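# An overview of the molecular structure
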Amino acid sequence: MARPTKPARCRRAGSGRGQCLSYGGLERLRLFLNYSLDYQRILQIIIVGQLELQEKVAKKRNLASRVRFTMTLEPLRSVGQVGDLIEYRLRTAGLAPGVQLFAPGAIEAVSKYSGGIPRHIVNICSLCFDQAPLLNKRQIDAEIVEHVAPRLMQHGTLTDGR
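Now for a quick tour of the structure.

Each value, and the rule that gives it
- The written sequence of each chain sets the order in which its residues are numbered from 1.
- In keeping with the model being predicted, local features are shown solely for residues with a pLDDT of at least 70 and side-chain atom pairs are shown and tallied solely at 80 or more, while totals for entire chains, interfaces and linings include all residues.
- Remark: hydrogens and water are excluded; side-chain values derive from all non-hydrogen atoms of the structure.
- Centres within 6.5 Å make a pair out of two Phe, Tyr or Trp rings, where for Trp the six-membered ring is used; the pair is then stacked when the planes are under 30 degrees apart, edge-to-face when over 60, and tilted otherwise.
- Strands are runs of DSSP state E lasting at least two residues, helices are runs of H or I lasting at least four, and both sets are numbered from the N terminus onward.
- Only protein chains enter the area calculation, which uses a 1.4 Å probe; residues under 20% of their type maximum are buried, those over 50% are exposed, and those in between are partly exposed.
- A positively charged side chain is recorded as over a ring if its NZ (Lys) or CZ (Arg) lies within 6 Å of the ring centre. The angle to the ring normal must also be within 35 degrees.
- Here, nonpolar core refers to any group of buried Ala, Val, Leu, Ile, Met, Phe, Trp, Tyr and Cys residues whose side-chain atoms link them within 4.5 Å.
- The contact criterion used is simple: two residues touch if any of their non-hydrogen atoms lie within 4.5 Å.

### Description of the packing of aromatic side chains
- Evaluation of the coordinates by the stated rule reveals 1 aromatic pair.
- With centroids separated by 5.6 Å and ring planes inclined at 80°, the aromatic side chains of Phe102 and Phe129 adopt a geometry described as edge-to-face. Residue Phe102 is located in the loop between helix 5 (79-92) and helix 6 (104-114), and its partner Phe129 is located in helix 7 (residues 118-134); the two are separated by 27 residues in the primary sequence.
- When its relative accessible area of 35% is taken as the criterion, Phe129 is described as partly exposed.
- In this structure, Lys56 packs its charged tip against the face of Tyr23, placed 5.4 Å from the ring centre.

Laid out in structure tokens, this is it:
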């Protein structure tokens, strides 16, 4: 019998993929949390992941009872916040001040299709960077976003933007 394969997002290395931990992996982490010295915990663990992680932990009551703190990041609520995130990431990557890679209409379209979810914003922008040279454009406009968004919607990554 073939082993079930993990979703593509779980096969990639990196941080922020706590939801990819198996139930066995979560159980091993719980066992590590049992170790202590003189009533002081030896180990504290921080796990970062998507909402699926919260659901997995809730199903393991012994582990859930040891969770001290959870935090959920809400989607960005405005086009301005989406634009700020895009600009911050571009500046952090080294884009010179004053250079505007995304037209205002493109930021509005990214906001619409991403639902304000940072992971979706990054995915859309990444595809836009791939498409812009192919469409012979130096600035990303709404047309490029409208071109790439259906590809992400086909994979179930995005909503239809309504």
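### So, the nonpolar core
- Of all hydrophobic cores here, the largest spans 22 residues; its most connected members are Ile86, Phe102, Val110, Ile124, Cys128, Ile140 and Val145.
- Among the elements that make up this core, the one with the highest residue count is helix 7 (6 residues).
- In this view, Ile140 contacts Leu101, Phe102, Ala103, Ala106, Cys128, Phe129, Ala132 and Val145; residues no more than four positions away in its chain are not counted.
- Leu26, Leu33, Leu53 and Val57 belong to the second-largest nonpolar core, a separate cluster that totals 5 residues.

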